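Each chain, letter by letter, is given below.
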Amino acid sequence: MTVDDTKPVRLVQTARDTGDRLTEHLPVEWRPDEEGVENGLLNLYPDVKYQEIEGFGGAFTEAGAVTLQKVGAEKREEVLNAYFHPERGLGYTLCRTHIHSCDFSLGNYTYVEDGDRELATFDVSRDEEALLPFIRDALAVEGAAFKLMATPWSPLAWMKTNGQMNGGGKLLPEFRDAWARYFAKYIRAYRDKGVPIWAVSVQNEAKAVQRWDSCIFTAEEERDFVKEHLGPTLEREGLSDVNLIVWDHNKERVYERAKIAFEDPEAARWLWGIGFHWYSGDHFGGLEATHRRFPDKKLLFTEGCVENGVKLGAWTQGERYAHHMIGDLNHWACGWIDWNLALDERGGPNHVGNYCDAPIIADTTTGEIHYQSSYYYIGQISKYVRPGAVRIGSSVYTDALETVAFENPDGTKAVVVLNRTDAEVPYTLRMDDRLAEFVSPAHSIQTLLIG
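Residues numbered from 1 in each chain as written. Predicted model: local features only at pLDDT ≥ 70, side-chain atom pairs only at ≥ 80, totals over all residues. Heavy atoms only, no water.

**Structural notes on a nonpolar patch on the surface**
A contiguous nonpolar patch, built from Tyr45, Val48 and Tyr50 and spanning about 220 Å² of accessible area, is present on the exposed surface. Mapped onto the fold, valine 48 is located in strand 4 (residues 41-52). (Patch = residues over 30% accessible without salt bridge, like charges linked within 9 Å, V, L, I, M, F, W, Y side chains within 5 Å. Areas by Shrake-Rupley, 256 points an atom, 1.4 Å probe, with all protein chains shown as cover. Salt bridge = Lys/Arg side-chain N within 4 Å of Asp/Glu carboxyl O. Helix = DSSP H or I, 4+ residues; strand = E, 2+ residues; numbered from the N terminus.)

Set out below in structure tokens:
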């Protein structure tokens, strides 16, 4: 699509110590590039194309669903629109949920009765109490459209070596087939409830022994489960359109886990890509290495949050989010999914007290909705970089600014500029034969919209 790139550049900004929260400023006019040596440039290279974007979003959890039930219908609708409405909200397009319980549930639960090896009692009615209505109501928001991935935190207790859903343990070999069939039953049940599942990952945080729902898969065990059980089962059940994702854990081991899964052609044929989290640090080079070695497989950020409870009004959350989003996207991530969409005033409920922060905190005692800095920082990207966008080339003159740029399917371009420093930083946007002057305030994020 042809757009007019010569129109003034729109500027949307969120900045600490100001009232700017996804605030649109006056557009900035272009001026001719005089071809002299120009300092302070942020260059765009629109003809240099990288990965296509799947989308951005957050996770539907039982904790978030129950919390929003407690604040009443009007506030619940406000939050749904704040995330999913494409104009009045952040326009979320890629989300995640849990297969039976996770730590952000009210307790351990599954969809079958204990010891039901045939899975004859499979029933997702527990999710109808809060979780499924949460998802369906988000889908019903005007203009909303999002894909949904689903993840198990643990197989059923009687399928595991430790006999419980919490505390790690492993899937017993004799239950691998039943566990794969459980995935298929879940996907079908959710589709029957009006909630299509776009992708599943094999296991949340496959290397972590947690005091909550968790299970260990070695890379080889995960590979073999996919190629011998999960992939064939979904194909046999007519569900081969569901994408399969491995690892779903931190970035420091993303390359090694990808190598073991993707180098096996029998496993790789079933696998869409690899998921990763942020809890072990940046490790952007691991994403780059994984893409270079396996360019046909997707890299998807599937979870990140600020741990240890709610920190109302803190600005560092937003900066942490944007730093990881920009770094991941610059190293081939095709999408980015936050953790809980909403939590209560403690950062729960959580059945083991693993309280965390979220972009929206709903105070169940006062009914007040708090929008955290992370909400606005995510929105500076999710609202303006749409599914099908392609990352384009860019460079910037200083490491005081972190940047990433995209071309949307309609031909418009979005340039994200993050400043985590204590000083304002001037820069000049340069594209083709045109320049436009900007200043990045201290502790701010800007989105420049071209076309």
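**Considering the packing of aromatic side chains**
Taken as a whole, this structure holds 34 aromatic pairs when the rule is applied. For the pair tryptophan 278 and phenylalanine 301, a centre-to-centre distance of 6.0 Å together with 55 degrees between the ring planes defines the contact as tilted. With tryptophan 278 in the loop between strand 10 (271-277) and helix 8 (284-293) and phenylalanine 301 in strand 11 (residues 298-303), the pair connects residues that are 23 residues apart, well separated along the chain. We note that tryptophan 278, like phenylalanine 301, is buried. Members of the aromatic cluster, joined through ring pairs, are Tyr109, Tyr111, Phe122, Trp179, Tyr182, Phe183, Tyr186, Tyr190, Phe217 and Phe225. Above the ring of tryptophan 270, the side-chain terminus of arginine 269 is found at 4.0 Å from the ring centroid. Positioned above the aromatic ring of tyrosine 50 is the side chain of arginine 391, whose terminal nitrogen or guanidinium carbon lies 3.9 Å from the ring centre. (Phe/Tyr/Trp six-rings, centres within 6.5 Å; stacked < 30°, edge-to-face > 60°. Buried < 20%, exposed > 50% of the residue type's maximum accessible area, 1.4 Å probe, protein only. Lys NZ or Arg CZ within 6 Å of the ring centre and 35° of its normal.)

**Here we look at the environment of glutamine 51**
Relative to the assigned elements, glutamine 51 resides in strand 4. Considered as a pair, glutamine 51 and histidine 331 are 280 residues apart in the sequence and their alpha carbons are 9.3 Å apart. In terms of polar contacts, glutamine 51 uses its side chain to reach the backbone carbonyl oxygen of leucine 329, at 2.8 Å. A distance of 2.8 Å separates a polar side-chain atom of glutamine 51 from the backbone oxygen of alanine 333. (Polar contact = N/O pair within 3.5 Å; in protein donor to acceptor, adjacent residues only side chain to side chain.)

**A short note on the pattern of salt bridges**
Note on pairing: side chains with opposite charge can pair once their charged atoms come close. Counted according to the given criterion, the structure contains 32 salt bridges. Here arginine 430 makes a salt bridge to aspartate 33, at a shortest N to O gap of 2.9 Å. Taken as a pair, arginine 430 in strand 19 (residues 425-431) and aspartate 33 in the loop between strand 3 (31-32) and strand 4 lie far apart in primary sequence, 397 residues in all. A residue is classified by how much of its surface remains accessible, and aspartate 33, at 16% relative accessible area, is buried. The closest approach of N and O atoms between lysine 170 and glutamate 221, which form a salt bridge, is 3.0 Å. Residue lysine 170 is found in the loop between strand 7 (147-152) and helix 4 (176-192), and its partner glutamate 221 is found in helix 5 (residues 219-236); the two are separated by 51 residues along the sequence. One salt-bridge network, held together by shared partners, links Asp5, Lys49, Glu407 and Lys413.

**Structural notes on the sheet that holds strand 14 (residues 360-362)**
A sheet is described by the order of its strands in space; here 3 strands give the open sequence 13-14-15, paired in mixed fashion. Two strands lie at the open edges of the sheet, namely strand 13 (342-343) and strand 15 (369-371), each paired on one side alone. Relative to strand 14, strand 13 runs parallel, the two sharing 2 bridges. Each residue of the ladder has a partner; that of alanine 342, found in strand 14, is isoleucine 360. Contacts between helix 2 (residues 73-84) and the sheet are confined to strand 14 and strand 15, with strand 15 contributing the most and set at about 20 degrees to the helix. (Pairing = 2+ DSSP bridges. Contact = heavy atoms within 4.5 Å. Axes fitted to C-alpha atoms, helices over the stretch in contact; angles between N-to-C directions.)

**Structural notes on helix 3 (residues 131-139)**
For an α-helix, the turn length of 3.6 residues means that residues three or four places apart are oriented alike. Leu131, Leu132, Pro133, Phe134, Ile135 and Ala138 are the residues of helix 3 that are buried. For helix 3, the secondary structure elements touched by its buried residues are strand 5 (55-60), helix 1 (62-70), helix 2, strand 6 (94-99), strand 7 and helix 4.

**A word on the environment of tyrosine 182**
Along the polypeptide, tyrosine 182 turns up in helix 4. A relative accessible area of 0% places tyrosine 182 in the buried class. Along the sequence, tyrosine 182 and threonine 233 sit 51 residues apart, while their C-alpha atoms lie 9.8 Å from each other. Among residues more than four places away in sequence, those in contact with tyrosine 182 are Ile99, His100, Thr110, Tyr111, Val112, Leu119, Phe122 and Leu156.

**Looking at the sheet that holds strand 7**
By way of backbone hydrogen bonds, the strands of a sheet pair with one another, either parallel or antiparallel. Reading around the circumference, 5-6-7-8-9-10-11-12 is the order of the 8 strands in this closed barrel, with parallel pairing throughout. Sheet twist, expressed as the average angle between the axes of neighbouring strands with direction ignored, equals 30 degrees. Pairing geometry for strand 7 and strand 8 (residues 199-201), over 2 bridges, is parallel. For alanine 150, the partnering residue across the bridge sits in strand 8 and is valine 200. Lying over the sheet, helix 4 contacts strand 6, strand 7 and strand 8, oriented at roughly 125 degrees with respect to strand 6. Sitting on the sheet, helix 5 touches strand 9 (243-250) and strand 10, and the angle it makes with strand 9 is about 150 degrees.

**Thoughts on the nonpolar core**
Grouped together as the largest cluster of nonpolar side chains are 121 residues, with contacts concentrated most on Phe60, Phe84 and Tyr190. Apart from residues lying up to four places away in sequence, phenylalanine 60 is in contact with Phe84, Cys95, Arg96, Thr97, His98, Leu131, Phe134, Ile135, Ala138, Phe146, Leu148 and Leu341. Membership of the second largest hydrophobic core comes to 19 residues, among which are Leu11, Leu401, Val417 and Tyr427. (Core = buried A, V, L, I, M, F, W, Y, C linked by side-chain atoms within 4.5 Å.)

**Considerations on the packing of helix 6 (residues 254-262) against helix 8**
At a minimum axis separation of 8 Å, helix 6 and helix 8 run at an interaxial angle of 20 degrees. Classified by the angle between their axes, helix 6 and helix 8 sit roughly parallel to one another. Judged by the sense of rotation from one axis to the other, the crossing of helix 6 with helix 8 is right-handed. Residues Val254, Tyr255 and Ala258 of helix 6 form the contact with helix 8, whose own contacting residues are Gly286, Leu287, Ala289, Thr290 and Arg293. Its residues placed into classes, the contact of helix 6 with helix 8 shows 5 nonpolar, 2 polar and 1 charged. (Parallel < 35°, antiparallel > 145°, perpendicular 65-115°, else oblique. Left-handed = near helix turned anticlockwise from the far one by under 90°. Nonpolar A, V, L, I, M, F, W, Y, C, P; charged D, E, K, R; others polar.)

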